[in-house]
Amino acid sequence: MMKKKSIPASKPLLILFLCQIISALDVPLDLSQPPTITHQSPKDYIVDPRENIVIQCEAKGKPPPSFSWTRNGTHFDIDKDAQVTMKPNSGTLVINIMNGGKAEAYEGVYQCTARNERGAAISNNIVIRPSRSPLWTKEKLEPHQVREGDSLVLHCRPPVGLPPPIIFWMDNAFQRLPQSERVSQGLNGDLYFSNVQPEDTREDYICYARFNHTQTIQQKQPISVKVFSMDSLNDTIAANLSDTDIYGAKPVTERQPVLLTPTGSTSTKVELRGNVLLLECIAAGLPTPVIRWIKEGGELPANRTFFENFKKTLKIIDVSEADSGNYKCIARNTLGSVHHVISVTVKAAPYWITAPRNLVLSPGEDGTLICRANGSPKPSISWLANGVPIAIAPEDPSRKVDGDTIIFSHVQERSSAVYQCNASNEYGYLLANAFVNVLAEPPRILTPANKLYQVIADSPALLDCAYFGSPKPEIEWFKGVKGSILRGNEYVFHDNGTLEIPVAQKDSTGTYTCVARNELGKIQNEVHLEIKDPTMIIKQPEYKVVQRYGQVSFECIIKHDSTLLPTVIWLKDNGELPDDERFLVGKDNLTIMNVTDKDDGTYTCIVNTTLDSVSASAVLTVVARPNPPFDLELTGQLERSIELSWIPGDENNSPITHFVIEYEDGLHEPGVWHYQTEVPGTQTTVQLKLSPYVNYSFRVVAVNKIGRSQPSEPSEQYLTKSASPDENPANVQGIGSEPDNLVITWESLKGFQSNGPGLQYKVSWRQKDVDDEWTSVIVANVSKYIVSGTPTFVPYEIKVQALNDLGYAPEPSEVIGHSGEDLPMVAPGNVQVHVINSTLAKVHWDPVPLKTVRGHLQGYKVYYWKVQSLSRRSRRHVEKKILTFRGNKTFGMLPGLEPYSSYKLNVRVVNGKGEGPASPDKVFKTPEGVPSSPSYLKITNPTLDSLTLEWGSPTHPNGVLTSYILKFQPINNTHELGPLVEIRIPANESSLILKNLNYSTRYKFYFNAQTSVGSGSQITEEAVTIMDEVQPLYPRIRNVTTAAAETYANISWEYEGPDHANFYVEYGVAGSKEDWKKEIVNGSRSFFVLKGLTPGTAYKVRVGAEGLSGFRSSEDVFETGPAMASRQVDIATQGWFIGLMCAVALLILILLIVCFIRRNKGGKYPVKEKEDAHADPEIQPMKEDDGTFGEYSDAEDHKPLKKGSRTPSDRTVKKEDSDDSLVDYGEGVNGQFNEDGSFIGQYSGKKEKEPAEGNESSEAPSPVNAMNSFV
């Protein structure tokens, strides 16, 4: 059995859809049917008398109905009136007014009848009335003269129009008169004043009546009102009375409330159900009364109650019988209250409970027409048949009237008719047409065949099967071609044939068949259902807070069914986006540029497809600095205080945290604003403390989280009275600038601190602890006074008192000062030094007598300096160091001493004037310490079982070296360390050959020096023994050296490894984080010239080999020479020099040829023999690509290398025996001296290198030296 059910009330959208289907289930127009009224004019039809009158009456039926009209209950023959026509195939009347007709002639009650062979339908009674907008009757309006505080009513009394006009009050400039709790317009159009004020005086109170139907406005004559204030009234009375008369109007007196409307204590009001209930109470009184509304015995209906006209009007919409009752308005002010009770009765014109509906029956069937209505009072029900009261209509044996119901039994075709139900009471009537149509018709399905339905998943699917037949067909649904009948709770079958699938799923997709059958036949129809994926917003817009003039973006990323085409719409506050180029709508976002305050609001992203719609909203809050406060007001003026109040500006969506109050002293510092105080953001008044003799102006700044507002406009000025000063100058001091004076200084009072004109200072002083009188002097408005002829550094009592033309400030407090200081007279004595360790010593001294300090004792200074190193006995420049010990301290620690050195020191006392004489120099020596690491460690000459080690002595031996300690251990391929071997080497050795090592093995060496104190820090190195006398397994680039000139540098290195390596040089500014610059070296040579360098700049450099990943030398650092005033010329690149060299070479060639000829002749050339005996393997040909010359070394000359020359092939430079050079005295390029002659800066040309890098020459090369290194 099919399940059928009514439409559930919980589905309003479904109800709407089904109602549309039901309205479409009328009898098909190709079948016979009685007339049905489809359109008609309203019952109360007010027309514009200037336009044609159109009275609507449309109907349908089969055969098409004919139309007739009655006017005022009698037949209206339109053929006899040339002004009246009826539209073709319609019952609509057109009355031609614009061609001479008068609308008033056609007032009346009209009714339309539509008739065919199966019955007659009638329209409502349509009352035609032309609108009216009459003029005001002429009247003479007397001026209203009212005493201030009295009440006043200005009557409007508009002419009676149709429909009633809308009333409003304006002035001559057509500006609406402002209304308030005190002045307001009543429902009847009158203007009510609860109490009049002087500002109510005017001569243009004009009442306007607007007649909307005719779009006209009528104007009443202006009304004049003059309000007499008590002061002006007293003046008038005084002018008309003699001096002996008693006169004087009473001042304005407050009055308790009195109701102006409605009058009395009670009244009644009747309103119809569904209308708007308006209740009004307007009261007079001073102060202006406040109105409050209550319902006796109940509550005012929520959601339907509104207060208008400053709560003087109570408005309840859509009233019902439940709203009947007593409503009380209460008018109250400070003197009392008055109330009025309005008894409200809600009546009701008739309204439908069950309206009769068309009835289609087959011959022999039964049926009923039901007409039920309600109202207050209860309406009466009457029936008509084909427009005739049923009591006098032709009889029909198949019908029976039973009150509000007509019962039909065994109807026949002749029973077809149109029945009218009329429900009426004193407030109106209802008229409904319903036909009975007797037909015998087989089923027909009105829904188009193969209709496609598309539904979103998880939504209801409604498959339509609109049908008709008589008798009424039965409906069945099937799914698929051979599917079984649909049953079960997952389907709902509606009476109108619709199949509902409450929750459609993907498997609901398919073809559905609707079958309609009755006793006269059967018919079926197929429809198709597709289920689509729902549209979703997977990334919704989010709440944003943005500062004014910033940028904001809202995202709206969607997911949808691939067969549906979505459209995305953005709304602002449920309206269209502003037409502004700042709004940029992207594919999945909305961007607002340069945000302004008006962009604040709710932004909604709506995604629509043909089947569904989704939306998401987000709020944009635009914040900014607050607007400046305004309307500053000064009240409560007193001599030393005043109250400031203001109105805050707009906080721009960011709450005001506090207000800053600033003041300007227009008397002393005009244009300069000072901070006064600040108050919380919830406070708008502040009590300000004032100073005498200041012309104050105030302004207020509002502050929120975004920032400070612009300052408000300044307040009015307020000048305080003069007074004697309240305070004395601050920061009084007495400090002598010379040994025989006392300088007394103080901070002058600011302008507003003077409290009056004539500001001066009384300066007083006397020597402390001496029975002297005060010496005083009065000075002008200055901040310093000098007392001369004082003893050196004695204490004085000092005070400074302010005064002005009105008197002195309170007695000032005394301060202690001193006359001028002089240099200390004696040096500290008994200076002793206790050496704690090799780098720290403690010095003691006896304090000097305080009288000899002759000033404020600031402390002691210890001067100390290194005389010489005990290990090298070398002289060096004296660099004095100073340590200051504050206060009366008699000892101090000297840190950072060099071990095994001789030092001197002296001590001096310090006061505010300077230093005293130095104590005699004290000599002390530091003991030995541990040495620094050896200057380098170099491993050469690897063989199968031996390695040669060479090293340099520590740069800082810090004592007498006793030995060197060498430790080494093998390293396997996994970098694991083998057993450690230790060897002690005498201190006078500088090389060692390690034998009996394993072949082809890597060793790690640890090397350090020792003194009697202990071992110094170690230096490490690694090396590999060779296998089968082949080249070492691990290539190396060693001994990178540089010779730098002003703009170029020669880089050279040693390479150990496979042949045919391609080298490159990388360089950069030392200490910079920039990437290394790379230069490729042509061929396999071991030197390169870097050009284009910046003079006077430190560079870092390293050398690498192409193809050997990560294989580079260690870094070297060099510095180019300073820019020269006149650039030196590299003669190696000059044409004349090259020509000279070519000539020399040619002469040598000729000489060699001569020698060769002579030798062939048997002669011996001694030079040749010498060259053969001493061939120099290091001679290299000139390189044409960079213009440099090969090196040349005289093998017979064993003198030390000159400065700037290339180092020998073992990359070792040994120090000369003497350390006594100008370099050690700081006379190199980089040497500098302090003002006191002490040496600062690094020693020129001395650089410490990593052991693997060897040593540089001891002098930074000049361009000439660089050239000499190549020739």
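Because the structure is a prediction, the values reported are computed rather than measured.

Thresholds, definitions, all that
Residues numbered from 1 in each chain as written. Predicted model: local features only at pLDDT ≥ 70, side-chain atom pairs only at ≥ 80, totals over all residues. Heavy atoms only, no water. Helix = DSSP H or I, 4+ residues; strand = E, 2+ residues; numbered from the N terminus. Buried < 20%, exposed > 50% of the residue type's maximum accessible area, 1.4 Å probe, protein only. Contact = heavy atoms within 4.5 Å. Areas by Shrake-Rupley, 256 points an atom, 1.4 Å probe, with all protein chains shown as cover. Pairing = 2+ DSSP bridges. Disulfide = S-S within 2.5 Å. Core = buried A, V, L, I, M, F, W, Y, C linked by side-chain atoms within 4.5 Å. Salt bridge = Lys/Arg side-chain N within 4 Å of Asp/Glu carboxyl O. Patch = residues over 30% accessible without salt bridge, like charges linked within 9 Å, V, L, I, M, F, W, Y side chains within 5 Å. Phe/Tyr/Trp six-rings, centres within 6.5 Å; stacked < 30°, edge-to-face > 60°. Lys NZ or Arg CZ within 6 Å of the ring centre and 35° of its normal. pLDDT = per-residue confidence, 0-100.

1. Focus on the overall build of the protein chain
Item 1. When you go through the protein chain residue by residue, the secondary structure sums to six helices and 94 strands.
Item 2. A total of 1271 residues make up the protein chain; the buried ones form 42% of that total.
Item 3. Summarising the internal contacts of the protein chain: among those between residues at least 6 apart in sequence, 65% fall at separations of at least 24.
Item 4. When the accessible surface of the protein chain is summed, it comes to about 68100 Å², and 51% of that surface belongs to carbon and sulfur atoms.

2. Things to note about the pairing of strand E69 (residues 795-804)
Item 1. Counting buried positions along E69 gives nine out of 10 residues, so the element sits mostly inside the fold.
Item 2. Relative to E69, strand E66 (residues 760-767) runs antiparallel, the two being bridged by eight bridges. From the neighbouring strand, Gln767 faces E69, where its bridge partner is Tyr796.
Item 3. Pairing analysis gives four bridges linking E69 to strand E71 (residues 815-818), with the strands arranged antiparallel.

3. Considerations on the sheet that holds strand E29 (residues 359-361)
Item 1. In space, the five strands of this open sheet follow the order E29-E37-E36-E32-E33, with mixed pairing throughout. Looking at which strands have only one partner, the edges of the open sheet turn out to be E29 and strand E33 (388-389).
Item 2. Bridge count between strand E36 (residues 417-425) and strand E37 (residues 428-438): nine bridges; the pairing is antiparallel. Bridged to Cys421 within E37 is Ala432.

4. Observations regarding the state of the cysteines
Item 1. This structure, assessed with the given rule, holds six disulfides.
Item 2. Sulfur-sulfur distance for the disulfide between Cys281 and Cys329 comes to 1.8 Å. Residues Cys281 and Cys329 are joined through a disulfide that is left-handed, its torsion about the S-S bond being -65°. On the criterion of sequence distance, the pair formed by Cys281 in the loop between strand E22 (277-280) and strand E23 (282-286) and Cys329 in strand E27 (residues 325-333) is long-range, its members being 48 residues apart. The same class applies to Cys281 and to Cys329, which are both buried.

5. Remarks on the side chain of Asn124
Item 1. Inspection of the secondary structure puts Asn124 in the loop between strand E10 (119-122) and strand E11 (126-130).
Item 2. The buried category is assigned to Asn124, whose relative accessible area is 11%.
Item 3. For Asn124, the residues in contact, after removing those within four places along its chain, are Gln40, Lys43, Tyr110, Gln111, Tyr429 and Leu431.

6. Some details on the sheet that holds strand E60 (residues 669-680)
Item 1. Across the sheet, which stays open at both edges, the four strands sit in the order E60-E59-E62-E63 with antiparallel pairing between neighbours. Among the strands making up the open sheet, the edge pair consists of E60 and strand E63 (718-719).
Item 2. One ladder, built from eight bridges, connects strand E59 (residues 656-665) with E60; its direction is antiparallel. Bridge pairing links Ile661 to Thr677 in E60.

7. Some points on the nonpolar core
Item 1. Core analysis: the biggest nonpolar cluster contains 29 residues, and Ile53, Ile55, Trp69, Ile95, Tyr110 and Ile128 have the highest contact counts within it.
Item 2. Listing elements by their share of this core, those giving two or more residues are strand E2 (44-47), strand E3 (53-55), strand E4 (57-62), strand E5 (66-71), strand E8 (93-95), strand E9 (108-116) and E11.
Item 3. Top contributing element to this core by residue count: E9, with three residues.
Item 4. Those residues within four positions of Ile55 in sequence are excluded, and the remaining contacts are Ser41, Tyr45, Trp69, Gly91, Thr92, Leu93, Ile95, Tyr110, Ile126 and Ile128.
Item 5. Core analysis: the next-biggest nonpolar cluster, separate from the first, contains 22 residues, Ile475, Leu486, Ala516 and Ile531 among them.

8. A short note on the pattern of salt bridges
Item 1. This structure, assessed with the given rule, holds 36 salt bridges.
Item 2. A single network of salt bridges, built from pairs that share partners, joins Asp171, Arg202 and Asp204.

9. A look at unusual backbone geometry
Item 1. Looking along the chain, the bond that leaves Lys62 and enters Pro63 is cis, with omega of 0°.
Item 2. If you trace the backbone, Pro63 turns up in the loop between E4 and E5.
Item 3. Residue Pro163 is bonded to the preceding Leu162 through a cis peptide linkage, with omega at -10°.
Item 4. Secondary-structure assignment places Pro163 in the loop between strand E13 (152-154) and strand E14 (166-170).
Item 5. A positive phi angle, close to 50°, is found at Asp318, a residue other than glycine.

10. Topic: a nonpolar patch on the surface
Item 1. On the surface, a nonpolar cluster with roughly 780 Å² of combined accessible area is contributed by Leu1146, Leu1147, Leu1149, Ile1150, Ile1153, Val1154, Phe1156 and Ile1157.
Item 2. Mapped onto the elements, Leu1147 comes out in helix H4 (residues 1135-1160).

11. What about the side chain of Ser508?
Item 1. Examined against the element boundaries, Ser508 turns out to sit in the loop between strand E44 (499-501) and strand E45 (510-518).
Item 2. Residues contacting Ser508, with those up to four places away along its chain left out, are Lys479, Ile501, Leu529 and Ile531.

12. Some details on the environment of Glu321
Item 1. Relative to the elements of secondary structure, Glu321 occurs in the loop between strand E26 (313-316) and E27.
Item 2. The class for Glu321 is partly exposed, based on a relative accessible area of 32%.
Item 3. Note: C-alpha distance between Glu321 and Gly274 (47 residues apart in sequence) is 9.4 Å.
Item 4. Ignoring sequence-local partners within four residues, the contact set of Glu321 consists of Arg273, Val346, Ala348 and Tyr351.

13. What to know about the packing of aromatic side chains
Item 1. Counting across every chain of the model gives 24 aromatic pairs.
Item 2. With 6.3 Å between their ring centres and 40° between their planes, Tyr1003 and Phe1005 make a pair best called tilted.
Item 3. The class of Phe1005 is buried, set by a relative accessible area of 0%.
Item 4. Through successive ring pairs, a cluster of aromatic residues spans Phe168, Phe174 and Tyr208.
Item 5. One residue, Arg1102, lies across the ring of Trp1076, its end atom 3.9 Å from the ring centre.

14. What about the environment of Ile786?
Item 1. Along the chain, Ile786 falls in strand E68 (residues 784-788).
Item 2. Here Ile786 falls in the partly exposed class, since its relative accessible area comes to 41%.
Item 3. Remark: the alpha-carbon pair of Ile786 and Thr745, spanning 41 residues in sequence, is separated by 8.6 Å.
Item 4. With residues up to four places along the chain from it excluded, the contact list for Ile786 reads Asn741, Leu742 and Val743.

15. What about the confidence of the model for the protein chain?
Item 1. Averaged over all residues, the pLDDT of the protein chain equals 84, while 84% of them reach at least 70.
Item 2. Counting interchain partners and residues more than four positions distant, the pLDDT-below-50 stretch residues 241-249 has 11 contacts.

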